[in-house]
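Observations on chain architecture
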Amino acid sequence: MLDLSKYDRVFLLTDELVAKCCQPVLPLCGVQQSAFSSQLVLPAGEEQKNIQTVQKIWDWLFEQQATRSSLLINLGGGVICDMGGFAASTYMRGIAYLNIPTTLLAMVDAGTGGKTGVDFGTPLVKNGIGVFAEPVETIICPELLSSLPAEQLLSGYAEMIKHAILQSPEALAELLEYDLRKVATPAFGDVIRRSVAFKQSVVEQDPHDQGLRQILNFGHTVGHAIEALLLAKSQKSAKPHGWCVMYGMVAEAYLSHMICGLPTETVSTLSRFMLENYGAAPITCNDYEALLQLMLHDKKNKEQGTIVCTLLQSVGQPVTGQTVTPQQLREALEYLCSL
Ligand SMILES: NC(=O)c1ccc[n+]([C@@H]2O[C@H](COP(=O)([O-])OP(=O)(O)OC[C@H]3O[C@@H](n4cnc5c(N)ncnc54)[C@H](O)[C@@H]3O)[C@@H](O)[C@H]2O)c1
Ligand SMILES: [Zn+2]
């Protein structure tokens, strides 16, 4: 049971969908509804992740006279965790917050690591404003996943595969063989906690993202470009973040083979897993140049005209800061499209 006795009051932030699907499940996670002094239910969606919504959260906390000894609980996906974490860590110079992530992506990624914030600017910069601030705790409760659509589940699973491939052959084998129908079970809770522990160990060594933490970008150079391209084509062709990371990991595994000697078996195993669970990447050879342009503008590149990736020498042995040529990237995209 969660000990909330050291806080004068506890506030709950959530979104409309989560309030409906997950709030009734909260007692299974050791949290009673009676613990909350007040709750704010926001509309769901990334469009809400902005400074105007943060202002609504601050207004609510002021109206409710939250103090420096109060706690904000974020119950929701990455949007609620990121935005609630930011609102809490700036309200009265920072009050404690706790995350109860309800999507798999938020459990393994957004809910830990201390990155909080909102999208900002014109054109919109994702996570353009934010602060590093750790939650006092992140509660992993796999029962909350029972209402999550399969597409969202697979999105988070891709980030777990990423952690595993960076960690060890054993961690990767466990996930490749896991029966995905058993995710809302306590046994899966342990698998999630191991994935989170890996991220946590990386974050602890590099809390402000200046070095080692960059290994967590594996799959994201190509993945972010695919995500942006699909979104630019139409809202309908857009894919969840983790799906694009899955496609990106296959392309970057191929690059890792070309540049760092990653064994071909690893590239084939990952490719097979992608095809079986996510299907072929929704891009064609007509997209290569647009994808390259997006990658050339990635903020991780230090020099103009270069593309920098995290690659792998082997499973469990990532290398950051690898410069990749546009021609090598074309070859990797060709491989991805041939699958
Ligand atoms: N801070 C970090 O380190 C970090 C890392 C990765 C991603 N993120 C951020 O996380 C966000 C994406 O997170 P997300 O994918 O969780 O999106 P999200 O929070 O928008 O949730 C996705 C949708 O699922 C619904 N939902 C949530 N839990 C549910 C459940 N159990 N059952 C049914 N529906 C449920 C939500 O209402 C929402 O409509 C992005 O804004 C991204 O920038 C942050
Ligand atoms: Zn990601």
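All of these numbers come straight from a predicted model, not from anything done at the bench.

The next point concerns the site of ligand 1. What surrounds ligand 1 is a group of 25 residues, the closest being Glu46, Gly78, Thr102, Thr103 and Ser147. Contact distances for ligand 1 include 2.9 Å between an oxygen atom and a side-chain N or O atom of Lys49. Interatomic distance of 2.6 Å between a side-chain N/O atom of Thr103 and an oxygen atom of ligand 1. Contact with the protein chains hides 86% of the accessible area of ligand 1, taken as 860 Å² for the molecule alone.

What follows deals with the domain arrangement of the protein chain. Taken domain by domain, the protein chain holds domain 1 (10-148) and domain 2 (158-338). Computed from C-alpha coordinates alone, the two centres of domain 1 and domain 2 are separated by 27 Å. Facing the 15 residues of domain 1 at the interface are 22 residues of domain 2. Together domain 1 and domain 2 conceal approximately 1,500 Å² of surface at their shared face, both sides included; 65% is due to carbon and sulfur atoms. Taken together, domain 1 and domain 2 are joined by 2 salt bridges. Here Lys199 ties to Asp109 by a salt bridge, and the two come within 2.8 Å at their closest N and O atoms. Summed over the shared surface of domain 1 and domain 2, the number is 5 residue pairs in polar contact (both at pLDDT 80 or more). In terms of residue class, the side of domain 1 that touches domain 2 is built from 8 nonpolar, 3 polar and 4 charged.

Our next topic: the sheet that holds strand S2 (residues 38-42). Strand order across the open sheet formed by 5 strands is S2-S1-S3-S4-S7, with parallel pairing between neighbours. Taken across any chain shown, the strands that pair with only one partner, and hence form the sheet edges, are S2 and strand S7 (137-138). Sheet analysis places strand S1 (residues 10-15) next to strand S3 (residues 71-76), joined by 4 bridges and oriented parallel. Looking at the pairing, Val10 lines up with Leu71 of S3. Seen against the sheet, helix H2 (residues 51-63) touches S1, S2 and S3 and runs at an angle of roughly 165° to S2.

Attention shifts here to unusual backbone geometry. Cis geometry marks the peptide bond from Thr122 to Pro123; its omega dihedral reads -5°. The residue Pro123 is located in the loop between strand S5 (115-120) and strand S6 (125-132) in this model. Phi is positive for Arg93, close to 65°, though the residue is something other than glycine. Mapped onto the fold, Arg93 is located in the loop between helix H3 (78-90) and strand S4 (96-101). Although it is not a glycine, Asp209 sits at a positive phi angle of roughly 60°.

Cut-offs used in this document
- Residues numbered from 1 in each chain as written.
- Chains lettered and ligands numbered in written order.
- Predicted model: local features only at pLDDT ≥ 70, side-chain atom pairs only at ≥ 80, totals over all residues.
- Heavy atoms only, no water.
- Near = heavy atom within 4 Å.
- Polar contact = N/O pair within 3.5 Å; in protein donor to acceptor, adjacent residues only side chain to side chain.
- Areas by Shrake-Rupley, 256 points an atom, 1.4 Å probe, with all protein chains shown as cover.
- Domains from an automatic or database assignment.
- Contact = heavy atoms within 4.5 Å.
- Buried area = accessible area lost by both parts, 1.4 Å probe.
- Salt bridge = Lys/Arg side-chain N within 4 Å of Asp/Glu carboxyl O.
- Nonpolar A, V, L, I, M, F, W, Y, C, P; charged D, E, K, R; others polar.
- Pairing = 2+ DSSP bridges.
- Helix = DSSP H or I, 4+ residues; strand = E, 2+ residues; numbered from the N terminus.
- Axes fitted to C-alpha atoms, helices over the stretch in contact; angles between N-to-C directions.

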